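Understanding the architecture of this molecule
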Amino acid sequence: MSWIRSSERTVALALVGVLLLGAVGTAAALTITASDVPEESEVGNEVQSRFTIDDAFTENSQYTLRLETELNNVSWTVEKYDQGSRVEQWQGGGQEFQQQVSSDPTGDEIRIQIVGDTPGIDEYNYSNPENFTVVAIRSQTGDNVQTLKTYEVHHFTEQSQAARDAIDEAQQAIDEAGGDSEAESELDQAISAYDSGNFGNAESIANDARDTANQKEQSQQTTQMLLFAGLGVLVLALVVGGVWYYRNQQDDYDKLR
């Protein structure tokens with residue numbers, strides 16, 4: 001009997017341990033909000049974005065804030081606020097920025113501002129749009145580094161965007177045409193040219209693919225129109241023939257009578 005009670009106590013303690021571990025594992029992470037982060041940016045254009053870490057010291061009262069970016073010509077401004085009032089400010093430059101922050105003596109919010117230029121593109125891949133990191137926000141306590149949030153943005157050049165748009169239009173035309181082997185082959189060539197950075201060729205070939213698909217769709221529509229017209233003529237002929245036959249039968253009946 002005592003063994004059973006001891007086992008029940010052990011099981012109960014184990015369950016409590018699991019619940020405690022679950023609570024620790026699901027502890028609320030720091031909440032970060034962003035503003036002025038563009039969906040995309042042309043190479044060379046300036047980006048100016050802001051980020052706010054709410055309740056910045058709920059997990060740790062002191063840690064090193066680590067910021068990284070792929071923007072060029074970067075300037076950082078990091079501010080600590082307490083109840084809406086700024087209590088500290090730090091500034092710096094470069095693609096990496098570190099600052100030790102703490103709630104001592106006061107502080108409940110960290111605000112980050114980054115200004116920089118959109119970087120160039122090393123490799124192009126139509127199937128995997130070219131993105132760059134606007135900011136990666138991390139916290140470090142001792143040797144433990146935690147990534148809080150990473151923001152990425154699509155970047156492009158005028159030529160690459162024109163080629164991508166042409167490929168998108170060609171794909172849409174092919175879909176609307178229900179597929180076409182010739183147009184799809186041209187589309188594959190356009191994508192290959194895009195991935196190689198030959199944007200002029202990519203745009204031209206994509207336009208050819210679009211035109212090929214449009215011609216097929218127009219041909220299909222013409223065929224359908226002719227089919228419907230033929231059916232219309234047939235129905236009209238049947239109606240006219242039926243009326244003629246009916247009247248002819250009525251005339252014959254009148255003559256017999």
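Residues numbered from 1 in each chain as written. Predicted model: local features only at pLDDT ≥ 70, side-chain atom pairs only at ≥ 80, totals over all residues. Heavy atoms only, no water.

**Some words on the confidence of the model for the chain**
Looking at the chain, pLDDT values average 84 and 74% of them are 70 or higher. Note that residues 1-28 has pLDDT below 50 and, in this model, 1 contact with residues that lie over four places away or in other chains. (pLDDT = per-residue confidence, 0-100. Contact = heavy atoms within 4.5 Å.)

**Some remarks on the sheet that holds strand β10 (residues 144-156)**
Overall, mixed pairing links the 5 strands, which are arranged β2-β10-β9-β4-β7 in an open sheet. Each end of this open sheet is capped by a strand with a single partner; those strands are β2 (40-42) and β7 (96-102). Neighbour-to-neighbour, the strand axes of this sheet turn through a mean angle of 25°, independent of strand direction. By the bridge criterion, 10 bridges tie strand β9 (residues 131-141) to β10 in an arrangement that is antiparallel. Looking at the pairing, alanine 136 lines up with threonine 150 of β10. (Pairing = 2+ DSSP bridges. Helix = DSSP H or I, 4+ residues; strand = E, 2+ residues; numbered from the N terminus. Axes fitted to C-alpha atoms, helices over the stretch in contact; angles between N-to-C directions.)

**Looking at the pairing of strand β5 (residues 72-82)**
Inspection of the sheet shows β5 paired to strand β8 (residues 109-117) by 8 bridges, in the antiparallel sense. From the neighbouring strand, tyrosine 81 faces β8, where its bridge partner is glutamate 109. In the sheet, β5 pairs with strand β6 (residues 85-93) via 8 bridges, with the strands oriented antiparallel. Looking across to β6, one finds that serine 75 is bridged to glycine 93.

**Some points on the nonpolar core**
One finds Phe51, Ile53, Leu65, Ile110, Ile112 and Ile137 to be the most contacted residues of the largest nonpolar core, which totals 27 residues. Looking at this core, the elements that each hand over two or more residues are β3 (46-54), β4 (62-68), β5, β7, β8, β9 and β10. With 4 residues, the single largest contributor to this core is β9. Excluding residues that lie within four positions of it along the chain, isoleucine 53 makes contacts with Leu30, Thr31, Ile32, Leu65, Asp108, Glu109, Ile110, Ile112, Ile137 and Leu148. Residues Ala163, Ile167, Ile174 and Ala213 belong to the second largest nonpolar core, which totals 21 residues. (Core = buried A, V, L, I, M, F, W, Y, C linked by side-chain atoms within 4.5 Å. Buried < 20%, exposed > 50% of the residue type's maximum accessible area, 1.4 Å probe, protein only.)

**A short note on the environment of aspartate 165**
In this structure, aspartate 165 sits in helix α2 (residues 158-176). Classification of aspartate 165 by relative accessible area gives partly exposed; the value is 34%. Considered as a pair, aspartate 165 and alanine 206 are 41 residues apart in the sequence and their alpha carbons are 9.2 Å apart.

**Remarks on the environment of threonine 64**
Along the chain, threonine 64 falls in strand β4. The residues contacting threonine 64, other than those within four sequence positions of it, are Gln98, Gln99, Gln100, Arg138, Ser139 and Gln140.

**Thoughts on the side chain of threonine 52**
In this structure, threonine 52 sits in strand β3. Not counting the four nearest positions on each side in its chain, threonine 52 is found in contact with Thr31, Ile32, Thr33, Glu109, Ile110 and Arg111.

**Re the sheet that holds β3**
Strand order in the open sheet formed by 5 strands is β1-β3-β8-β5-β6, with antiparallel pairing between adjacent strands. Only two strands of the sheet have a single neighbouring strand rather than two, namely β1 (31-35) and β6. Between one strand axis and the next, the sheet turns by 20° as a mean value, whatever way the strands run. The pairing of β3 with β8 spans 9 bridges and is classified as antiparallel.

**Let's talk about α2**
Taking 1.5 Å of rise per residue, 19 residues should cover 27 Å, and α2 covers 27 Å from first to last C-alpha, within 8% of that figure. For α2, every residue scored as buried is listed here: Ser160, Gln161, Ala163, Arg164, Ala166, Ile167, Ala170, Ala173 and Ile174. At the C-terminal side of α2, glycine 178 shows a positive phi close to 80°. (Expected span 1.5 Å × (residues − 1).)

**As for helix α3 (residues 181-195)**
For an α-helix, 3.6 residues make a turn, and residues three or four places apart therefore share a direction. Between its first and last C-alpha atoms α3 spans 21 Å; for 15 residues at 1.5 Å apiece the expected length is 21 Å, and the two agree. Ala183, Glu186, Leu187, Ala190, Ile191, Ala193 and Tyr194 are the residues of α3 that are buried. Along α3, the residues classed as buried sweep out an arc of 160° about the axis, all on the same side. Residues Ser181 and Asp188 are exposed on α3 and point more than 90 degrees away from its buried face. Among the residues of α3, the N-terminal cap falls to aspartate 180, whose side-chain oxygen and the backbone nitrogen of glutamate 182 are separated by 3.2 Å. At the C-terminal side of α3, glycine 197 shows a positive phi close to 85°. (Arc of directions from axis to C-beta. Polar contact = N/O pair within 3.5 Å; in protein donor to acceptor, adjacent residues only side chain to side chain.)

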